[in-house]
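Letter by letter, the chains look like this.
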Amino acid sequence: MGLRNTPLEFGTLAKALHWLVAVGIFTLLYLGLQQAGMEKGPAKSEIRFIHGSIALTVLVLMTIRIVWRWMNDVPAYPAGAAAWQRLAAKAVHWGLYVVIFVQLTAGAMTVATGGKNLPFFGLFSIPLPVAENHDNHEFWEEIHEFTWKPIAALLTLHVLAALYNHFVARNDVLRRMTVGVK
Ligand code: HEM
Ligand code: HEM
């Protein structure tokens, strides 16, 4: 089991990044929706602060992940996969990358157009070169409040596909992103 991908399975780095991003996204969805139902106040601000800090971490991990993917073989689809299944897998994987980047952009712009810096766990905060503007703030906030839905929908398809591959088609697709192929 090496760091790099092979034609048969994902390497340790790709696996680590996949699962770190997965935990990050589930946490962001949970914290985002959690604070949405709360009254304004310090508890809500604290959740937003942690939410934004985790989101910046996810941004860094996703960027490394995409660069690393370019530098690597990507394991081939299982021999039994139909053309439509290969196309669907490709569409859902790239769709996930796209909607997650849109969500990261919208979140960062919501904060920046609200006149605040992006938080990072109290270690530092990042100012964006964007003017404070109420209308733009509302615009990005609406995008951010919408885009978690396509993320959740694609994730549902993604998880169902992983389970289908493992339990119905009985191929190595789930193993090659987890314990490895024998
Ligand atoms: C927020 C959570 C997740 C995100 C954003 C995500 C995203 C992705 C993406 C973009 C790929 C394509 C990898 C590439 O070729 O670059 C991938 C592969 C994969 N994911 Fe996820 N994933 C998530 C959660 C999960 C979960 C919960 C499972 C299992 C139940 C899972 C199982 C897999 C498997 C098995 C592959 C390999 C597919 C293949 O071999 O072609 N993922 N994931
Ligand atoms: C992929 C990354 C992200 C996901 C999945 C995500 C998810 C969510 C969700 C589900 C909500 C609740 C939306 C609602 O009220 O209906 C939310 C709210 C929020 N997020 Fe994110 N978020 C992400 C990235 C970011 C980033 C990068 C920032 C800023 C640094 C951010 C800042 C905020 C703020 C300030 C709110 C409260 C906005 C409001 O309720 O009007 N998010 N997020």
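Further up the page is the structure itself.
Now for a description of the structure that goes with this document. It should be emphasised that the depicted structure is a prediction, and the values quoted were computed from it without experimental measurement.

We now examine the coordination of the iron atom of ligand 2. His-51 (NE2) and His-144 (NE2) make up the full set of protein donors to the iron atom of ligand 2, lying at 2.0 to 2.1 Å. Each of the six donor atoms around the iron atom of ligand 2 contributes to a set of angles spanning 86 to 180 degrees, which defines the coordination as octahedral. Pair noted here: His-51 is in helix α2 (residues 42-70) and His-144 is in helix α4 (residues 134-168), with a separation of 93 residues, a long-range link. Given the relative accessible area of 19%, His-51 is considered buried. On the basis of relative accessibility, which here comes to 21%, the residue His-144 falls in the partly exposed class.

Another aspect to go through is the site of ligand 2. Taken together, the neighbourhood of ligand 2 is formed by 22 residues, with Gly-32, His-51, Glu-141, His-144 and Glu-145 sitting nearest. Arg-48 has a polar side-chain atom sitting 3.5 Å from an oxygen atom of ligand 2. Here an oxygen atom of ligand 2 and a side-chain polar atom of Glu-145 are 2.8 Å apart. Of all the elements in the fold, those that place two or more residues in the shell around ligand 2 are α1 (12-36), α2, α3 (83-113) and α4. Counted by class, the shell around ligand 2 contains twelve nonpolar, seven polar and three charged residues.

Taken together, 19 residues lie near ligand 1, and His-18, Arg-69, Tyr-97, His-158 and Arg-176 sit nearest. Between ligand 1 and His-18, the relevant distance is 2.8 Å, taken from a nitrogen atom to a side-chain nitrogen or oxygen of the residue. Within the side chain of Arg-176, an N or O atom sits 2.6 Å from an oxygen atom of ligand 1. Among the secondary structure elements, those contributing two or more residues to the shell around ligand 1 are α1, α2, α3 and α4. Among the residues making up the shell around ligand 1, the classes are represented as 13 nonpolar, three polar and three charged.

Cut-offs used in this document
- Residues numbered from 1 in each chain as written.
- Chains lettered and ligands numbered in written order.
- Predicted model: local features only at pLDDT ≥ 70, side-chain atom pairs only at ≥ 80, totals over all residues.
- Heavy atoms only, no water.
- Donors = N, O, S within 2.8 Å, 3.2 Å for Na, K, Ca; no water.
- Tetrahedral: all angles 85-135°; square planar, octahedral: opposite > 155°, others 65-115°.
- Helix = DSSP H or I, 4+ residues; strand = E, 2+ residues; numbered from the N terminus.
- Buried < 20%, exposed > 50% of the residue type's maximum accessible area, 1.4 Å probe, protein only.
- Near = heavy atom within 4 Å.
- Polar contact = N/O pair within 3.5 Å; in protein donor to acceptor, adjacent residues only side chain to side chain.
- Nonpolar A, V, L, I, M, F, W, Y, C, P; charged D, E, K, R; others polar.

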